[in-house]
Structure formats: C-alpha cells, structure tokens
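# A structural walkthrough
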Amino acid sequence: MRKMIIFSDLDGTLLDAVRYSFNDALPALSLIQAHGVPLVLCSSKTRAEIEACRQRMHNFHPFIAENGGGIFIPQGYFSAPDPAEGYQRITLGTPYAEIRRHFVALRERLGANVRGFADMTTEEVAELTGLSCDDAILSKQRDFDEPFVFDGAPDARFLQAIEDTGLDWTQGRVFHIMGKHDKGLAVKILKALYEREYGEISSIGLGDSLNDLPLLQAVDRPVLIRHEDGSFDSRIA
C-alpha cells in the first residue's frame with residue numbers, strides 16, 4: 001500500500017481564516033496522526049510562524065515556508081546525514097534583502113501606492129492581518145518574500161513590473177513579491193524525497209487561494225477549500 005502524504009496550506013485552510021485556530025481540524029489531525037500520515041505544512045507564513053504552529057499542533061514533519069521559498073526537514077527525518085543546525089534546509093527563494101530592494105525600486109520608479117510588511121509597524125501588520133502582535137512579530141521575520149498591499153485598487157502596472165524584473169508575485173490574504181519559486185516546486189521536491197524513502201506515495205493537497213494553485217497542481221488528489229462565505233476562489237475553481 002502506498003504511503004500517503006498530506007500537504008496543507010494554513011490560513012483559510014487548516015487554520016480558521018479569522019481566528020487562526022485549528023480547533024475545527026482537531027478530529028482530522030488526530031485521525032491522520034493515528035494512522036501515521038505525515039502532514040506537511042505549506043504556507044506563505046515565515047519559518048518562525050510555522051515553527052510556532054507546528055509546536056501547537058505537535059507536528060514534527062518537514063514544512064514549506066514563504067510560498068515555497070524554503071523547505072525545512074527536521075534532523076534525522078529521512079535516511080540522510082543529520083544537518084548541523086537542526087534542519088536540512090533547501091533554499092528555492094531569492095534572499096529577502098534582494099526582494100525588498102527590487103520592491104522599493106519599483107515603487108519609487110512607478111510612484112505606486114503600495115506598502116510592504118517592512119514599511120509597517122508590528123501593530124499595523126497585526127491590524128491588517130488579524131494576527132496577534134506576537135504572531136505579527138514572527139510574520140515580519142522574512143527570508144524569501146515580501147507581503148504587500150495597495151492603498152486602493154491593485155495597480156496592474158506594479159504587478160507587471162515585478163514580472164518584467166524577473167521576479168514573481170502571488171496572492172493569498174495579501175500580495176507577495178518573490179523570486180521564481182512557488183509551493184508546487186517545493187512540494188515536488190519533498191514528494192521525491194518521500195518516494196526515495198518509502199517508494200511510491202499517494203499525495204493529497206489542500207488549499208484555498210491563488211498562491212495554493214501550484215500546490216494543488218503538484219499532488220495526486222487536490223482539494224480546494226471553500227472560503228468562510230462558502231465560495232471558492234474563482235481564479236482556481
């Protein structure tokens with residue numbers, strides 16, 4: 001029987017979109033844990049945010065941070081030499097400092113009314129996202145991408161300029177500017193590692209937003225999650 005692996009987005013999928021709680025998912029989490037099914041968290045959240053979430057969930061499997069920018073594999077998880085710093089880290093993303101430099105340069109050149117997390121205080125990030133101030137601090141500890149919002153309607157010029165620069169963007173709760181990586185690429189890499197360990201596997205993916213589309217395309221059985229109002233993301237459905 002094939003080993004089953006579940007890859008799941010967090011905000012709006014495994015976590016409640018308003019309270020960031022996984023209480024509603026506890027029965028499912030208990031069931032997959034009892035059957036030894038790995039749950040790989042795959043999120044736009046930072047490494048620090050996901051580590052805090054994993055601790056609350058008692059999840060000790062690999063995880064994917066910042067829309068596929070980094071894959072983190074716990075020490076001794078696969079049959080490979082133990083990493084020196086507690087994780088084997090596979091970096092797919094462009095360094096944050098470079099992403100931020102391009103973001104500021106594009107904003108100045110175009111005169112775009114757009115702000116990134118680095119332009120906001122912790123309190124402003126918390127108000128924008130609904131996170132607690134403690135969690136907002138973790139969300140500002142970025143390695144690979146910059147979340148941003150427009151002051152008003154999205155500026156198509158700015159989004160096109162990101163692509164023209166050789167970078168990419170995606171959208172979940174907010175927009176993100178990042179390098180040429182995505183959740184799907186990270187999922188494929190981890191799937192290959194699981195297959196090397198267990199042979200053929202069966203993969204399930206769960207997501208609710210545009211930034212989850214590459215994840216859903218990379219698994220055997222994709223599951224698109226409804227929004228709080230019962231609707232689906234029209235760009236995927």
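An account of the accompanying structure is given in this report.

Attention now goes to the sheet that holds strand 3 (residues 63-65). Reading across the sheet, the 7 strands line up as 5-4-3-2-1-10-11 and stay open at both edges, with mixed pairing between neighbours. Either end of the sheet is taken by a strand with one partner, and the two such strands are strand 5 (87-91) and strand 11 (221-224). The mean angle between the axes of side-by-side strands here comes to 15°, regardless of whether they run parallel or antiparallel. Summarising the sheet, strand 3 and strand 4 (residues 70-74) pair through 3 bridges and their orientation is antiparallel. Each residue of the ladder has a partner; that of isoleucine 64, found in strand 4, is isoleucine 71.

If you trace the backbone, lysine 191 turns up in helix 7 (residues 183-198). It turns out lysine 191 is buried and unbridged, and the closest side chain with the opposite charge, aspartate 220, is 4.4 Å from it. Look past the residues within four positions of lysine 191 in its chain and what remains in contact with it is Phe7, Ile201, Ser203, Ala218, Val219 and Asp220.

What follows deals with the nonpolar core. With 20 residues, the main nonpolar core has Phe7, Ile64, Ile73, Val187, Leu190 and Tyr194 as its most contacted residues. At the level of secondary structure, the elements contributing two or more residues to this core comprise strand 1 (3-8), strand 2 (39-42), strand 4, helix 7 and helix 8 (213-217). At 5 residues, the largest contribution of residues to this core is made by helix 7. Not counting the four nearest positions on each side in its chain, tyrosine 194 is found in contact with Ile5, Pro38, Val40, His61, Pro62, Tyr77, Phe78, Gly199 and Ile201. Grouped together as the second largest cluster of nonpolar side chains are 19 residues, Phe22, Ala25, Val37 and Phe72 included.

By the secondary structure assignment, proline 27 is in helix 1 (residues 26-34). Judged by its relative accessible area of 58%, proline 27 falls in the exposed class. Residues proline 27 and glutamate 228, spaced 201 residues apart in sequence, show a C-alpha to C-alpha distance of 19 Å.

Here leucine 167 lies in the loop between helix 6 (156-164) and strand 8 (168-171). Spatially, the C-alpha atom of leucine 167 lies 30 Å from that of aspartate 134, the residues being 33 residues apart in sequence. Contacts of leucine 167, omitting those with residues within four sequence positions, involve Ile99, His102, Ile162, Ile177, Met178, Gly179 and Lys180.

Calculation notes
Residues numbered from 1 in each chain as written. Predicted model: local features only at pLDDT ≥ 70, side-chain atom pairs only at ≥ 80, totals over all residues. Heavy atoms only, no water. Pairing = 2+ DSSP bridges. Helix = DSSP H or I, 4+ residues; strand = E, 2+ residues; numbered from the N terminus. Axes fitted to C-alpha atoms, helices over the stretch in contact; angles between N-to-C directions. Buried < 20%, exposed > 50% of the residue type's maximum accessible area, 1.4 Å probe, protein only. Lys, Arg positive; Asp, Glu negative; His and termini not counted. Salt bridge = Lys/Arg side-chain N within 4 Å of Asp/Glu carboxyl O. Contact = heavy atoms within 4.5 Å. Core = buried A, V, L, I, M, F, W, Y, C linked by side-chain atoms within 4.5 Å.

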